[in-house]
Amino acid sequence: MSDELSTLFKALGHPIRREILDILKQSAKTTGELIEYFPEVTRFAIMKHLSILEEGNLVIVRREGKYRRNFLNAVPLQEVHNRWVGKYMQTTANSLLNLRTVVETNKTEGESAMEITNQEQSKAFRIEQEVHINAPREQVFKALTENAGDWWEFRIAPKGVPSHFTFDPFPGGQFIERWRENEGAVWGNVYYVNAPEEIRLHGHLGMQGAVNSSYTYRLLEKDGGTLLQLSHTASGVLRDSWEQDHAEGWKYLLRDLLKKYCEK
């Protein structure tokens, strides 16, 4: 853990690298787009800064054809927060990671229908996160699928009504929450499986209306454990808050819940 922290603090130690993270906080950028933000800095220097950020696990790189697209990975920063601040501000920290506002069907008290309409427009977002889990890949894959109900905390069921999950990890299978007789909700429809390396699903994940949403789990063997990579894309009529809500919710689900479940 000390080596990981040293690498993280090194990555944060230069103002250009911190500025790169500020830019990526707004949206993912290709390497060429990032270089344009720093006209007085050489391409080689920016590439070096990105490499250090990637080593610190603060930037995730996805190759798209001949381009490298860079995404902010805020999970290590949240882990540092939880280590030194979280125990003193547990209630506040948990509220920041709460996805319940996404899955609740009722509007916020006092919010008018016009306010909701103004917050919705045709747009898209893409979330990329990764977390290292000290457990075999087969175990993590099983936890993500067959045992999802053991750690997946969020519910769509009415408040106070118990529910349970089933997840069939094969093409055509579903990730379903059920409550009462013949009542429930589909969190995801499976359309691709390459166990235990990858599984892809379509699912609204609490978003309502004209939304196209899909998410992918990729599992890589690394450092004696499993590097879990999440990709979540959504497009359509999206609320302004949904991208941040889901980014925080995924961090909570994968780092705080799944990781602890697999490593216990």
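Please refer to the structure placed before this passage.
Conventions and cut-offs
- Starting afresh in each chain, residues are numbered from 1 along the sequence in its written order.
- The predicted nature of this model means local features are confined to residues of pLDDT at least 70 and side-chain atom pairs, given and counted, to a pLDDT of 80 or more, with totals for whole chains, interfaces and linings taken over all residues.
- To obtain the side-chain values, all non-hydrogen atoms of the structure were used and water was disregarded.
- Starting at the N terminus, helices and strands are each numbered in turn, a helix being any DSSP run of H or I of at least four residues and a strand any DSSP run of E of at least two.
- Buried means the residue's accessible area, taken with a 1.4 Å probe over protein chains only, is under 20% of the maximum for its type, while exposed means over 50%, and partly exposed covers the values in between.
- In what follows, a contact means two residues having at least one pair of non-hydrogen atoms within 4.5 Å.
- Using a 1.4 Å probe, the Shrake-Rupley method yields the accessible areas, and only the shown protein chains count as cover for residues.
- Residues grouped as a nonpolar core are buried Ala, Val, Leu, Ile, Met, Phe, Trp, Tyr and Cys residues, joined through side-chain atoms within 4.5 Å.
- Strand pairing requires that DSSP identify at least two bridges connecting the strands.
- Each axis is a line fitted through C-alpha atoms, and for a helix only the stretch in contact is used; angles between axes span 0 to 180 degrees, taken between their N-to-C directions.
- Polar contact is the term for a pair of N or O atoms within 3.5 Å; when the atoms are in protein, one must be able to donate a hydrogen and the other to accept it, and sequence-neighboring residues count only if both atoms are side-chain atoms.
- Put simply, a salt bridge is a Lys or Arg side-chain nitrogen that is within 4 Å of an Asp or Glu carboxyl oxygen.
- Each Phe, Tyr or Trp ring (for Trp, its six-membered ring) is paired with any other whose centre lies within 6.5 Å, and the angle between the two planes then decides the class: stacked below 30 degrees, edge-to-face above 60, tilted in between.
- When the NZ atom of lysine or the CZ atom of arginine is within 6 Å of a ring's centre and also within 35 degrees of its normal, the charge is said to sit over that ring.

> Requested: an account of the overall build of the chain, with residues and values cited.
The secondary structure content of the chain amounts to 10 helices and 10 strands. By the burial criterion, 45% of the 264 residues in the chain qualify as buried. Considering only intrachain contacts with a sequence separation of at least 6, the fraction spanning at least 24 residues in the chain is 57%. About 14,500 Å² of surface is accessible on the chain, with carbon and sulfur atoms providing 48% of the total.

> Can you break down the nonpolar core residue by residue, with the values?
If you look at the biggest cluster of nonpolar residues, it comprises 39 residues, and the most contacted ones within it are Trp151, Trp152, Tyr217 and Trp250. Where this core is concerned, the elements lending two or more residues are strand 4 (120-133), helix 9 (137-144), strand 5 (164-167), strand 7 (183-194), strand 8 (198-202), strand 9 (211-222), strand 10 (225-239) and helix 10 (242-263). If one sorts the elements of this core by residue count, helix 10 sits on top with 9 residues. Beyond its immediate chain neighbours, meaning those up to four positions away, tryptophan 250 contacts Ile127, Gln129, Trp152, Leu205, Tyr215, Tyr217, Leu230, His232 and Arg255.

> Can you lay out the sheet that holds strand 3 (residues 67-72) for me, pointing to particular residues and giving the numbers?
The sheet built from 3 strands is open, its strands ordered 1-3-2 with antiparallel pairing. In this open sheet, the two edge strands, each paired with only one partner strand, are strand 1 (29-30) and strand 2 (59-64). With 2 bridges joining them, strand 1 and strand 3 adopt antiparallel strand pairing. The partner of lysine 29 across the bridge, within strand 3, is asparagine 70. Packed on one face of the sheet, helix 2 (residues 15-26) meets strand 1, strand 2 and strand 3 and runs near 90 degrees to strand 3.

> Describe the environment of aspartate 256, with residues and values.
One can find aspartate 256 in helix 10. Linking aspartate 256 and tryptophan 151, residues 105 residues apart in sequence, is a C-alpha distance of 9.7 Å. Among the polar contacts made by the side chain of aspartate 256, one reaches the side chain of arginine 255 at a distance of 2.3 Å.

> Explain the pattern of salt bridges to me, using residue names and the numbers behind them.
In the structure shown here, the tally under the stated rule is 13 salt bridges. Across the pair glutamate 183 and arginine 180 runs a salt bridge, and its minimum N-O distance is 3.2 Å. Residue classification places glutamate 183 among the partly exposed positions, given a relative accessible area of 33%. Given the relative accessible area of 54%, arginine 180 is considered exposed. Taking the shortest distance from any N to any O, the salt bridge between glutamate 263 and lysine 259 comes out at 2.9 Å. Taken as a pair, glutamate 263 and lysine 259 lie in helix 10 at a separation of 4 residues, close to a single helical turn. For glutamate 263, a relative accessible area of 32% translates into the label partly exposed. Each member of the salt-bridge network shares a partner with another, and the members are Arg62, Glu64, Arg69, Arg126 and Glu128.

> Now, about the packing of aromatic side chains: what can you tell me, with residues and values included?
In this description, an aromatic ring pair is defined by two values, namely the gap between the centres and the angle between the planes. For the coordinates displayed, the defined rule picks out 12 aromatic pairs. Measuring from centroid to centroid gives 5.1 Å for tryptophan 152 and phenylalanine 175, while their planes differ by 85 degrees, and the two rings are edge-to-face. Separated by 23 residues along the polypeptide, tryptophan 152 in the loop between helix 9 and strand 5 and phenylalanine 175 in strand 6 (residues 174-179) bring together distant segments of the chain. A relative accessible area of 3% places tryptophan 152 in the buried class. Grouped by ring-pair contacts, the aromatic residues Trp151, Trp152, Phe165, Phe167, Phe175, Trp187, Tyr215, Tyr217 and Trp250 constitute a single cluster. Directly above the aromatic system of tyrosine 192 lies the positively charged group of arginine 200, at a separation of 4.1 Å from the ring centroid.

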